[in-house]
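Structure assessment
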Amino acid sequence: MLTILYRDAHLIAIDKPSGLLVHRSEIDRRETQFAVQMLRDQIGQQVFPVHRLDRGTSGVLLFALDSATARLLNDAFASRAPAKTYLAVVRGHPADSGDIDHAITRQPDEREYVHGNAQLNAQPAFTRYRTLARCTLPFAVDRYPQSRYALVQLHPETGRRHQLRRHLKHIAHPIIGDATHGKGVHNRFFQTQYQVGRMLLHAAELQITHPHSGQPLTLTAPLSGDFARLLGELGWAGALPASWLGEA
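Residues numbered from 1 in each chain as written. Predicted model: local features only at pLDDT ≥ 70, side-chain atom pairs only at ≥ 80, totals over all residues. Heavy atoms only, no water.

**Digging into the environment of Leu-219**
Secondary-structure assignment places Leu-219 in strand β12 (residues 216-220). With a relative accessible area of 3%, Leu-219 lands in the buried category. In this structure, Leu-219 is in contact with Tyr-6, Ala-13, Val-60, Leu-62, Ala-204, Glu-205 and Leu-206, ignoring residues within four places of it in sequence. (Helix = DSSP H or I, 4+ residues; strand = E, 2+ residues; numbered from the N terminus. Buried < 20%, exposed > 50% of the residue type's maximum accessible area, 1.4 Å probe, protein only. Contact = heavy atoms within 4.5 Å.)

**Brief notes about the nonpolar core**
Core analysis: the biggest nonpolar cluster contains 28 residues, and Leu-39, Val-47, Phe-63, Leu-154 and Leu-201 have the highest contact counts within it. Elements supplying a minimum of two residues to this core: β2 (11-16), α1 (35-43), β4 (58-64), β5 (83-91), β10 (147-156), α3 (163-170) and β11 (201-209). Broken down by element, this core gets its largest block of residues, four residues, from α1. When neighbours within four sequence positions are excluded, Val-47 is seen to be in contact with Ile-12, Val-36, Leu-39, Arg-40, Phe-63, Ala-64 and Leu-65. Ranked by size, the runner-up nonpolar core spans 25 residues in total, among them Ala-133, Leu-151, Ile-176 and Trp-236. (Core = buried A, V, L, I, M, F, W, Y, C linked by side-chain atoms within 4.5 Å.)

**A few points about the packing of aromatic side chains**
Considering all chains together, one arrives at six aromatic pairs under this definition. Ring centres of Phe-189 and Phe-190 lie 5.6 Å apart, and the angle between their planes is 90°; on these two criteria the pair is classed as edge-to-face. The same class applies to Phe-189 as to Phe-190, namely buried. Note on Phe-189 and Tyr-194: the rings are 6.0 Å apart at their centroids and 90° apart in plane angle, and the pair reads as edge-to-face. Taken as a pair, Phe-189 and Tyr-194 share a single burial class, namely buried. Ring pairing ties together the aromatic residues Phe-139, Tyr-149, Phe-189, Phe-190 and Tyr-194, which thus form one cluster. (Phe/Tyr/Trp six-rings, centres within 6.5 Å; stacked < 30°, edge-to-face > 60°.)

**Description of the pairing of β10**
Of all the 10 residues making up β10, eight are buried; the element is thus mostly covered by neighbouring parts of the structure. Sheet analysis places β5 next to β10, joined by six bridges and oriented antiparallel. Bridge pairing in β10 links Ala-88 to Val-152. With 10 bridges joining them, strand β9 (residues 126-137) and β10 adopt antiparallel strand pairing. Directly across from Ala-133, in β10, lies its bridge partner Leu-151. (Pairing = 2+ DSSP bridges.)

**Some details on the side chain of Thr-158**
Considering the arrangement of structural elements, one finds Thr-158 in the loop between β10 and α3. With a relative accessible area of 6%, Thr-158 lands in the buried category. Of the polar contacts made by the side chain of Thr-158, one reaches the backbone nitrogen of Phe-126; its length is 3.0 Å. Contact partners of Thr-158, with chain neighbours within four places excluded, come to Arg-80, Pro-124, Ala-125, Phe-126 and Gln-163. (Polar contact = N/O pair within 3.5 Å; in protein donor to acceptor, adjacent residues only side chain to side chain.)

**Things to note about the environment of Leu-5**
Locating Leu-5 in the fold gives a position in strand β1 (residues 3-7). Among the residues examined, Leu-5 registers a relative accessible area of 28% and is labelled partly exposed. Between the C-alpha atoms of Leu-5 and Thr-220, which are 215 residues apart in sequence, the distance is 7.3 Å. Sequence-distant contacts of Leu-5, defined by excluding residues within four places in its chain, comprise Ala-13, Ile-14, Asp-15, Val-60, Thr-220 and Ala-221.

**Structural notes on α1**
Taken together, the buried positions of α1 are occupied by Ala-35, Val-36, Leu-39 and Ile-43. The arc that holds the buried residues of α1, viewed along the axis, is 100°, so those residues lie on one side. Looking one or two residues past α1, Gly-44 carries a phi angle of roughly 75°, positive in sign. (Arc of directions from axis to C-beta.)

**Section: the pattern of salt bridges**
Applying the stated criterion across every chain yields a total of nine salt bridges. Across the pair Arg-40 and Asp-41 runs a salt bridge whose closest N-O atoms are separated by 3.2 Å. Ionic pairing is found between Asp-54 and Arg-165, a salt bridge with its closest N-O pair at 3.0 Å. Separated by 111 residues along the polypeptide, Asp-54 in the loop between β3 (48-49) and β4 and Arg-165 in helix α3 bring together distant segments of the chain. For the residue pair Asp-54 and Arg-165, the accessibility class agrees, reading buried in each case. (Salt bridge = Lys/Arg side-chain N within 4 Å of Asp/Glu carboxyl O.)

Rendered as structure tokens:
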């Protein structure tokens, strides 16, 4: 059963677990479970996804319950109106805060046809970040005698595909557990030392204006499971608001 964070006559939000695809994808043709299908079966009615989360990302995932609401929300996301907040564990010690203004090449959707000669030009992409906590561990994971990691809060102001993962790689602080844009030696260290094999990226909060009432709506998915446990082991739990911490 998917955890439902919010539901009314027009909207429903879930806490998507890491490893679950939002919908059927060419990423894994053998996969038989998808968030859209599972939620539809769970509540007994059609649902309309209005934004995406990568397979490895956990957290707030919003759906409309009718096509008219879906159109309104799609327009809102296209205009960048919703405010999205993510948490990530990264390699190294980033600055206390910063902006990443770096265009990234468009990546087509798995279900989108792209002609072989098509030019996928770089698109503007902008992310703000703030470092919440840091640690230095006495392990020679790479070429240094110690290894440094940090917990960062991320606010993407554009919605490019894999934007956060690609932006953090761009500033040389890739997300732990990211098999595509990260570094395998650090990913394996977290698997063996902390038994955490997932990508450490979580959509903690989504702030939107309700498309019908016009009222502000804040949707929060507390950290749980391996991610929450890891923060406790690294002494970082105190860096987060209580509402963002669930049961480990």
